[in-house]
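# Residue-level structure breakdown
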Amino acid sequence: MKVCVLSACLHSSLLLVGATAFSAPPVISPEVLEQQVLAAFPEITAAQAALEAAEGELKAARLLPDPVLEVGALHSRERLGAAAATRGLGAVAWEVPLPWSYRPGKAVAAAGVREAAGALARTQLEVRARVRALVVELAAAQERVDIVSQQHQLTAELAQLMALRVELGESRELERLRLLVELERVGRELQLAQAEVQALAGVLARLAGRLPASFRLEGRLGGSVPGLEDQDLVARALAQNPILAEREAQVAAARARLSLVSGERSPTVVARWERSEDVDTRSQALSLSFRLPLWNANRGQRAAAAARLRQVQAELEASQREVAAAVRAAAERLRGALQVAERLRQTALPLAQRAQELSDFSLRQGETSLLDALDARRSWQAVALEELEARRQLHLWRVELESLAALPMGPPLGVEAGVKAEGPNAYQIVQEEKP
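Residues numbered from 1 in each chain as written. Predicted model: local features only at pLDDT ≥ 70, side-chain atom pairs only at ≥ 80, totals over all residues. Heavy atoms only, no water.

Let me state the cut-off plainly: UniProt positions are given in the numbering used here, feature names are shortened, and annotations may be inferred rather than shown by experiment.
Looking at an unreviewed UniProt entry, one finds the protein named TolC family protein and attributed to Thermoanaerobaculum aquaticum. Turning to the protein, the UniProt annotation filed under Sequence similarities (unreviewed entry) states: "Belongs to the outer membrane factor (OMF) (TC 1.B.17) family."

### Regarding the overall build of the protein
Inclusion rule: Numbering of helices and strands runs from the N terminus, with a helix taken as a DSSP run of H or I at least four residues long and a strand as a DSSP run of E at least two residues long. Exposure classes here rest on a 1.4 Å probe applied to the protein chains alone. A residue is buried below 20% of its type maximum, exposed above 50%, and partly exposed in between. Contact between two residues is taken to exist if any of their heavy atoms lie within 4.5 Å; hydrogens are not considered. Every accessible area reported is derived by Shrake-Rupley at a probe size of 1.4 Å, with residue values counting cover from the shown protein chains alone.
A count of helices and strands for the protein gives nine helices and eight strands. Buried residues in the protein amount to 39% of all 435 residues. Partitioning the contacts of the protein with sequence separation of at least 6, the portion at a separation of at least 24 is 80%. Looking at the protein as shown, the accessible area adds up to about 24200 Å², and 56% of this sits on carbon and sulfur atoms.

### A look at the packing of helix α7 (residues 242-263) against helix α8 (residues 299-364)
Test applied: For every element, the axis is a line fit to its C-alpha atoms; helices are fit only across the contacting stretch, and the angle between N-to-C directions ranges from 0 to 180 degrees. In what follows, roughly perpendicular refers to angles from 65 to 115 degrees, roughly parallel to angles under 35, roughly antiparallel to angles over 145, and oblique to any angle outside these ranges. In a left-handed crossing the near helix is turned counterclockwise from the far helix by less than a right angle, and in a right-handed crossing that turn is clockwise. Basically, the charged four are Asp, Glu, Lys and Arg, the nonpolar ten are Ala, Val, Leu, Ile, Met, Phe, Trp, Tyr, Cys and Pro, and anything else, Gly included, counts as polar.
With their axes 9 Å apart at the nearest point, α7 and α8 run at an angle of 165° to one another. By the criterion of interaxial angle, the relationship of α7 to α8 is roughly antiparallel. As for how α7 packs across α8, the hand of that crossing is left-handed. Looking at the contact of α7 with α8, its residues break down into eleven nonpolar, six polar and seven charged.

### Quick word on the UniProt feature "coiled-coil region" (unreviewed entry) in the protein
In this structure's numbering, the residues bearing the UniProt feature "coiled-coil region" (unreviewed entry) are residues 302-329. Taken as a whole, residues 302-329 contains 100% helix and 0% strand, while its terminal C-alpha atoms sit 41 Å from one another.

### Focus: the nonpolar core
Threshold: Put simply, buried Ala, Val, Leu, Ile, Met, Phe, Trp, Tyr and Cys residues joined by side-chain atoms within 4.5 Å make one nonpolar core.
Core analysis: the largest hydrophobic core is formed by 43 residues, its most contacted members being Leu33, Val37, Leu138, Leu211 and Phe215. With 15 residues, helix α4 (residues 99-168) is the single largest residue contributor to this core. If we skip the residues at most four places from it in the chain, Leu211 touches Ile28, Leu33, Gln36, Leu204 and Ala205. Core analysis: the next-biggest nonpolar cluster, separate from the first, contains 18 residues, Ala237, Val323, Ala337 and Leu338 among them.

### Topic: the environment of Val166
The residue Val166 is located in helix α4 in this model. Residue classification places Val166 among the buried positions, given a relative accessible area of 18%. With residues up to four places along the chain from it excluded, the contact list for Val166 reads Ser171, Arg172, Glu173 and Arg176.

### Observations concerning the pattern of salt bridges
Quick note on the threshold: By definition, a salt bridge exists where a carboxyl oxygen of Asp or Glu is found within 4 Å of a side-chain nitrogen of Lys or Arg.
Evaluation of the coordinates by the stated rule reveals 21 salt bridges. The salt bridge involving Glu173 is made with Arg176; its shortest N-O contact spans 2.1 Å. Here Glu173 pairs with Arg176, and both are found in helix α5 (residues 173-208), just three residues apart, close to one helical turn. When the shortest N-O distance is used, the salt bridge between Arg398 and Glu402 registers 3.0 Å. Linking Arg398 with Glu402, this pair stays in helix α9 (residues 370-405), spanning four residues, or about one helical turn.

### Notes on a nonpolar patch on the surface
Just so we agree on the cut-off: Distance thresholds for patches are 9 Å for like charges and 5 Å for nonpolar side chains (Val, Leu, Ile, Met, Phe, Trp, Tyr), applied to residues having over 30% relative accessible area and no salt bridge.
There is a patch of nonpolar side chains on the surface, built from Leu69, Val71, Val92, Trp273 and Leu286 and spanning about 540 Å² of accessible area. A relative accessible area of 34% places Trp273 in the partly exposed class.

### Details of helix α2 (residues 30-39)
As a reminder of what qualifies: This arc corresponds to the set of directions leading from the helix axis out to the C-beta atoms.
For α2, the full list of buried residues reads Pro30, Leu33, Glu34, Gln36 and Val37. With its buried residues spanning 165° around the axis, α2 presents them on a single face. Pointing more than 90 degrees away from the buried face of α2 are the exposed residues Gln35 and Ala39.

### Quick word on the side chain of Arg391
Along the polypeptide, Arg391 turns up in helix α9. With near-sequence residues (within four places) excluded, Arg391 lies in contact with Glu143, Arg220, Leu221, Gly222 and Ala341.

### Things to note about the confidence of the model for the protein
In low-pLDDT segments, the atomic positions of the prediction should not be examined closely. To keep things clear, this is the line we draw: Predictor confidence is given residue by residue as pLDDT, running from a minimum of 0 to a maximum of 100.
A residue-level look at the protein finds 77% of positions with pLDDT of 70 or above and a mean pLDDT of 76. Within the protein, the lowest mean pLDDT, 32, falls on strand β8 (residues 428-429), and the highest, 88, falls on helix α3 (residues 42-61). Low confidence marks residues 1-22, where pLDDT is under 50. Its contacts with residues over four positions away, or in another chain, come to 26 contacts. For residues 415-435, every residue scores under 50 in pLDDT, and the model assigns this stretch 42 contacts once sequence neighbours within four places are set aside.

### Some remarks on the environment of Leu370
Looking at where Leu370 falls in the secondary structure, it is placed in helix α9. The buried category is assigned to Leu370, whose relative accessible area is 2%.

### Looking at the environment of Gln142
Along the chain, the position of Gln142 falls in helix α4. Judged by its relative accessible area of 3%, Gln142 is buried. Taking the C-alpha atoms as reference points, Gln142 and Arg216, 74 residues apart in sequence, are found 8.0 Å from one another.

### Description of the packing of α8 against α9
Remark: α8 packs on α9, axes separated minimally by 7 Å, with the N-to-C direction vectors making an angle of 160°. As the angle between them shows, α8 and α9 are arranged roughly antiparallel. Crossing geometry of α8 relative to α9 is assigned as left-handed.

So this is what it looks like as structure tokens:
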């Protein structure tokens, strides 16, 4: 009876492992997944539309104002008589902007284009970093499922062996119950890990819009990441970070706006040609007038534009300091995560694996206790998950560093050992050492 109950418990627990194998979800490479998500992201589409709008405003700023054409007729009648006459009226008026207001207007529009282009580059980089972080999280979640699933399978096999020993009188009932409790604990952990995988895959599928609700990501998190010296990273970030490029465009736009409103204090030239016809007379007139800003002289707008220029200059300086500090911090954290991952992969993980193999062999031979075997299994699982977490943090810091320093992003799940980037923007690859 006890063996039947144990078999039923093991069967229900092993269904967690078998369900994934029977469903056989489609396998998608990280590169294809990233491309499909980025192609359907509305934030990038909105930034592209904003750039097109800014280019349209620049085209409009390059054109001179259109002349105003006035055409009409005047019908008049004598007040005390029957005589009546209709005469035609026509006029053309053209308000010509002076060079000190026309050129700054074009400069403002051109700076708007640069600002929109910087916003588009920033949006693309931020969205790609967010998507790549989700890909890293999904890859880590899948590896977590594999680790816990392996632990679940080994615990189930050990529970079957312990059930036979209890039936033969070679082990105590307490040991069988302890294994059942351990099996249930690992089963719950496996179920939570599988739910996390389904949640992350569902998020990416909804972002892409063309992916199945359930799929498996191809590959695993590698141990090789790109790296650079701090000074090189900071210099590259200050030169190519799209956030700073957008801030610099805002400074240029504010400076051009100040020049524009300062030039609006000057008079504006208005040329007008007028022609009219009467019953017995025809008249033509050409006038040149000036629109004078007598009362205001744009004092308020000039003060506001000057304050706006000081504001964006201060924001640019603050952004430069923040980016430089963030790059140095991300580089330092990346080095620390790399050292931790290598140490765990080369020392702790092989030792924990060896300890688990020895404890399993000793338990099967009756040379060690069940508690020692369970402790070795838990230690191996803890070290394996810790090593996975170190690689996860390593790749997340890699994504942040790439986005801050505007580095050319390599494969989403890392660079294979032995591969080096080439060209003027090449960066060193930290090789992965085998334990």
